[in-house]
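A structural walkthrough
The primary structure of each chain is shown beneath.
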Amino acid sequence: LILRDPTMIDPCQDTFCGSCLRRWLRTSNKCPSGDNVTVEQDKVRPNLFVAQLLANTQVNCLKKRGRGGRCGWKGDLSELKTHQRHTCLFSDTACEQECGAILQRGLMQMHINDVCTRTPRPCPFQPLACRDMLPQREMATHMKTSGIQHIDFLKTTVLQQQTTVLQQQAQMQLMQEQIVVLQRTLKERTGYHFKYQKSHCVQTSDSNTTCRYRGISHGLYLHLTGPLLEDLQLSLQCSEVT
């Protein structure tokens, strides 16, 4: 251990930590070294010589986080307090957003992102168009006062989904009609009647539907794509089944 705030007693010149000596003198007027010297308050003063020697002493910061590592800082004793107060990632400090939490400085960003009650967070109805960002402690009030608005968002979303479903159903109907036309055309040109069975449909990123039809009797595939059907054109891609 290193003396903190070296304090000397005259006339014996024994030197102690300043805080330790003050605590001792609250209950006794004798020198802590046991030499039975009576200590007078005006005889207690800083030991500047020892303080100067200690200021240049190289020390390590001993702050640590459980099993999560130890601070690797090393420097002059005179700089230790500044390091621990402002830069040490293992020193306890108050939340930067003044939520009242005390935590190690190295955990501050994680606390702000995941825990702090003063960090603005998106409303649970954000996917439905609510754009409010509120601290966690204000979210309950927001949910109560914006209930009608949230219901309107929900209704709008449901209507949009219904419209999308109807559009997809219309596309499916159109594709089925095109299949009938294609079968008739192939029969007229080849004299052979092709029958197709729907294999599966895929919703593409542009909200169009691509369906795959398998030839029951001949092993050919038809790929019908929404954008082409909208232009009343038929995309036909046939490939032999292996």
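Up top is the structure these notes are about.
In this text the structure is predicted, and so the values were computed from the model without any measurement. Along each chain, numbering runs from 1 in the same order as the chain's sequence is written. Side-chain atom pairs in this predicted model are given and counted only at pLDDT of 80 or more, local residue features only at pLDDT of at least 70, and totals for whole chains, interfaces and linings cover all residues. By convention in this description, side-chain values take in all heavy atoms of the structure and omit both hydrogens and water.

Some details on the sheet that holds strand β1 (residues 6-9)
A pair of strands counts as paired when DSSP detects no fewer than two bridges linking them. Strands are runs of DSSP state E lasting at least 2 residues, helices are runs of H or I lasting at least 4, and numbering of each runs from the N terminus. In space, the three strands of this open sheet follow the order β2-β1-β3, with antiparallel pairing throughout. The sheet terminates laterally at β2 (14-17) and β3 (44-46), the two strands that pair on one side only. Sheet twist, expressed as the mean angle between neighbouring strand axes with direction ignored, is 35°. With three bridges connecting them, β1 and β3 associate as antiparallel partners. Following the sheet pairing, Met8 is matched in β3 by Arg45. In this description, contact between two residues means that some pair of their heavy atoms is separated by no more than 4.5 Å. Fitted lines through C-alpha atoms give the axes, limited to the stretch in contact for helices. The angle between two N-to-C directions lies from 0 to 180 degrees. In the packing of helix α1 (residues 18-25) onto the sheet, contacts are made with β1, β2 and β3, and the angle to β2 comes to roughly 100°.

What to know about the nonpolar core
Put simply, buried Ala, Val, Leu, Ile, Met, Phe, Trp, Tyr and Cys residues joined by side-chain atoms within 4.5 Å make one nonpolar core. Burial classes follow relative accessibility: with a 1.4 Å probe on protein chains only, a residue under 20% of its type's maximum area counts as buried, one over 50% as exposed, and anything between as partly exposed. Ranked by size, the top nonpolar core spans eight residues in total: Leu54, Val59, Cys61, Cys71, Leu77, Leu80, Cys88 and Phe90. Residues contacting Leu77, with those up to four places away along its chain left out, are Ile2, Leu54, Ala55, Thr57 and Val59. Counting six residues, the second-largest nonpolar core is a separate cluster that includes Ile9, Phe16, Leu21 and Cys31.

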